[in-house]
Amino acid sequence: MDILHNLLLGFEVAVSPINLLYCLIGVLLGTLIGVLPGVGPLATIAMLLPVTFSLNPVAALIMLAGIYYGAQYGGSTTSILVNIPGEVSSVVTCLDGYQMARQGRAGPALAIAALGSFFAGCVATLIIATAAPPLAEVALKFGPAEYFSLMVFGLIAATVLAHGSLAKAIAMVIFGLLLGLVGTDVNSGVLRFTFDIPELADGIGFVAVAMGMFGIAEIIGNLEQKGAREVFVNKVTHLYPSRNDLKRSWKAVLRGTGIGSALGILPGGGAMLSSFASYMIEKKSSKHPEEFGKGAIEGVAGPESANNAGAQTSFIPMLTLGIPSNPVMALMIGALMIQGIAPGPQIMTEKPDLFWGLIASMWVGNLMLVVLNLPLVGIWVKVLRVPYRFLFPTILVFMCIGAYSLSNNAFDCLTMALFGLLGYVCVKLECEPAPMILGFILGPLMEENLRRAMLLSRGDATVFFTKPISAGFMIAAIALLVTIALPNIRKKRAQAFAEDG
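Since we're looking at a predicted model, the values are computed, not measured.

Turning our attention to the overall build of the protein chain. Secondary structure assignment for the protein chain yields 23 helices and two strands. When the 501 residues of the protein chain are sorted by exposure, 56% land in the buried category. Partitioning the contacts of the protein chain with sequence separation of at least 6, the portion at a separation of at least 24 is 79%. A total accessible area of about 21200 Å² is found for the protein chain, and carbon and sulfur atoms account for 67% of it.

Here the focus is the confidence of the model for the protein chain. Residue-level pLDDT values for the protein chain average 79, and 89% of them are 70 or greater. The lowest-confidence element of the protein chain is helix α23 (residues 487-496), averaging 60 in pLDDT; the highest-confidence one is helix α21 (residues 463-466), averaging 88.

The next point concerns helix α20 (residues 433-456). Look at α20: 35 Å from first C-alpha to last across 24 residues, which is about the 34 Å you get at 1.5 Å a residue. Residue L442 marks the point of greatest curvature in α20, where the axis turns by about 40°; the proline P444 follows within four residues. Note on α20: the residue one or two positions beyond its end, R458, has a positive phi of about 55°.

Phi is positive for F193, which is not a glycine, with a value near 55°. Inspection of the secondary structure puts F193 in the loop between β2 (191-192) and α9 (206-224). Phi at F195 is positive, roughly 55°, even though this residue is not glycine. Assessed through its relative accessible area of 68%, F195 is described here as exposed.

To continue, consider the packing of aromatic side chains. If you walk through the whole model with that rule in mind, you get seven aromatic pairs. Ring centres 5.8 Å apart and planes at 20° place the aromatic pair F11 and W363 in the stacked group. You can see F11 sitting in helix α1 (residues 2-14) and its partner W363 sitting in helix α16 (residues 352-373), a full 352 residues away along the chain. Each ring, one from F142 and one from Y147, has its centre 5.4 Å from the other, and the planes form 70°; the classification is edge-to-face. Residues F142 and Y147 agree in their burial class; the two are buried.

This part takes up the state of the cysteines. Here the structure, examined in full by the defined rule, presents zero disulfides. Here C413 is not disulfide-linked; the sulfur of C400 is the nearest cysteine sulfur, at 5.0 Å. Distance from the sulfur of C426, which forms no disulfide, to the nearest cysteine sulfur (C431) is 5.4 Å. Note on C426: relative accessible area 7%, which makes it buried.

Where α9 contacts helix α19 (residues 410-428), the two axes come as close as 7 Å, and the packing angle between them is 55°. The pairing of α9 with α19 is recorded here as oblique in orientation. Here α9 and α19 pass one another in a crossing that is right-handed. Contacts between α9 and α19 involve A208, V209, M211, G212, M213, I216, A217, I220, G221 and E224 from the first element and D412, T415, M416, A417, F419, G420, L422, G423, Y424, C426 and K428 from the second. For the contact of α9 with α19, the per-class residue count stands at 13 nonpolar, five polar and three charged.

Let us look at the packing of helix α4 (residues 57-82) against helix α6 (residues 106-139). The axes of two packed helices give the description: the angle between them and the distance between them. Closest axis-to-axis distance for the α4/α6 pair is 10 Å, and the angle between their directions is 160°. Judged on the interaxial angle alone, α6 and α4 are roughly antiparallel. Along this stretch, α4 crosses α6, giving a crossing that reads as right-handed. Judged by residue contacts, Y73, S76, T77, I80 and L81 of α4 engage A106, A109, L110, A113, A114, S117 and F118 from α6. Here the residues of the contact of α4 with α6 sort into nine nonpolar, three polar and no charged.

Moving on, we get to a nonpolar patch on the surface. Together, I18, L21 and I25 make up an exposed nonpolar region whose accessible area comes to about 230 Å². Here I25 lies in helix α2 (residues 17-35).

The next thing to look at is the side chain of D412. Within the fold, D412 resides in helix α19. Among buried Asp, Glu, Lys and Arg side chains, D412 stands out as unpaired, with R192 the closest opposite charge at 18 Å. Setting aside chain neighbours within four positions, we find D412 in contact with A208, A403 and S407.

Within the structure shown, the criterion is met by seven salt bridges. Between R192 and E447 there is a salt bridge, with the nearest N and O atoms lying 2.7 Å from each other. In this pair, R192 is assigned in strand β2 and E447 in helix α20, connecting sequence segments 255 residues apart. Of the two residues examined, R192 and E447, each falls in the buried class. Between E448 and R452 there is a salt bridge, with the nearest N and O atoms lying 2.6 Å from each other. With E448 and R452 both in helix α20 and four residues apart, this pair spans about one turn of that helix. A relative accessible area of 30% places E448 in the partly exposed class. On the basis of relative accessible area, R452 is assigned to the partly exposed category, the value being 44%.

If you trace the backbone, S314 turns up in the loop between α12 (298-313) and α13 (315-321). A polar contact of 2.6 Å, which involves the side chain of S314, links it to the backbone oxygen of A311. Discounting residues that sit within four places of it in the chain, S314 has contacts with Y68, G264, S325, N326 and M329.

Another aspect to go through is α12. Its 16 residues place the ends of α12 22 Å apart at the C-alpha level, agreeing with the 22 Å of an ideal helix rising 1.5 Å per residue. Burial analysis of α12 places 16 of its 16 residues in the buried class, which makes it a mostly covered element.

Moving on, we come to the environment of I341. Within the fold, I341 resides in the loop between α14 (327-338) and α15 (347-350). The sequence separation of I341 and P57 amounts to 284 residues, and the corresponding C-alpha distance is 8.5 Å. Once residues lying within four places of it in the same chain are set aside, the contact partners of I341 are P57, L336, I347, K351 and L354.

Basis of the calculations
- Residues numbered from 1 in each chain as written.
- Predicted model: local features only at pLDDT ≥ 70, side-chain atom pairs only at ≥ 80, totals over all residues.
- Heavy atoms only, no water.
- Helix = DSSP H or I, 4+ residues; strand = E, 2+ residues; numbered from the N terminus.
- Buried < 20%, exposed > 50% of the residue type's maximum accessible area, 1.4 Å probe, protein only.
- Contact = heavy atoms within 4.5 Å.
- Areas by Shrake-Rupley, 256 points an atom, 1.4 Å probe, with all protein chains shown as cover.
- pLDDT = per-residue confidence, 0-100.
- Expected span 1.5 Å × (residues − 1).
- Bend = angle between axes of the 7 residues up to and from the residue.
- Phe/Tyr/Trp six-rings, centres within 6.5 Å; stacked < 30°, edge-to-face > 60°.
- Disulfide = S-S within 2.5 Å.
- Axes fitted to C-alpha atoms, helices over the stretch in contact; angles between N-to-C directions.
- Parallel < 35°, antiparallel > 145°, perpendicular 65-115°, else oblique.
- Left-handed = near helix turned anticlockwise from the far one by under 90°.
- Nonpolar A, V, L, I, M, F, W, Y, C, P; charged D, E, K, R; others polar.
- Patch = residues over 30% accessible without salt bridge, like charges linked within 9 Å, V, L, I, M, F, W, Y side chains within 5 Å.
- Salt bridge = Lys/Arg side-chain N within 4 Å of Asp/Glu carboxyl O.
- Lys, Arg positive; Asp, Glu negative; His and termini not counted.
- Polar contact = N/O pair within 3.5 Å; in protein donor to acceptor, adjacent residues only side chain to side chain.

Structure representation (structure tokens):
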């Protein structure tokens, strides 16, 4: 009954005219940036963070959340019609969705993607509503040792689940941790690694780093690609999938929803890992695996359901523990802190309107997306026909405005540009930037909790193994490292991402 009462409170907040408006703005922006290659939700949310200064916290978070899960819808449109993934999580949708478009079946592909995403989003939101309160109760028992152990486990999990080489993922995490040390020591007040640059006294700005590593690097990568985009349809017709399409898709949607809901909670998991895992499982479990890559509708239904479920369940650790499971959630935490709200389990009791309003808005947002997305396909097709050389200057201008407006300092724009070049180098070296961003965010928090735990235990390092919850996370982290070191497991891990090629 408590959950029902809280959900009623959430819907009361979510359906207020101002919050409905910001939810609509969020999902439309999310769909647009999902359609446009080179503009991900991370860069968009980073650009819009300054806008949230003037909004109330509930409206700000509803809009930013709408951008994130709306981008998962939009990414499928460009993957199916143009064979260019608007989102990383939509890479595998290209394999079968584009082939369906070539066969004149773009309508059913888009419809199944939208319906699967809607179902997965609703289920994932229900999971957040039921799982978050008990998890928040457990989180209230966490001390410094437990938080440190949780973050260690999170970083190791993010490394193991990162796409590409394990050694490169570990190197990127360590690099992120080192970047997080730049600035003023919280205990002694001593400047560390600032090289006498006064702007670095407060550390390197996360928004500038995120926009550079993801936004600018992606733009440079897109500019390298020559040739016009081939859009296979001017007007999408026959949207309704056939009975055979539905028969082949419903199990894939259910499996994708389950996979995404589970993997979205894991650090480093989220939408991208969920979609890859779903595609691999659908291909292995199908009675017609030879059809995959040639227009199998299960190859669209499963991953699209998984990436939307993964995107939404990634809110669980952010809302209940104050721990980001991916870089977008780290920006969400930044948005809360800008509003003077400390993320963590106390949000549920201190700000119930924000917590339950956000959850209810996800249902409203998913409904908006499925109602608006298919009729607007024609508009997205026209957007896709705009040459990228006309789009990227506008994107860069908005990114520079966003970086500058955070502290009215041109140094942030320079930082963004430098990390954009670094991000491009990482792309060329096939180094995944997500582990670095997580290391950068979690590094200062890990250091703070490590110091607190050591002070409380008077320098006894065994405190991390004598407390039950902390010991559980540390043992799980060690087990994960040992498991991934086994040759057979490493081989299977490489195969899991082989479809990206």
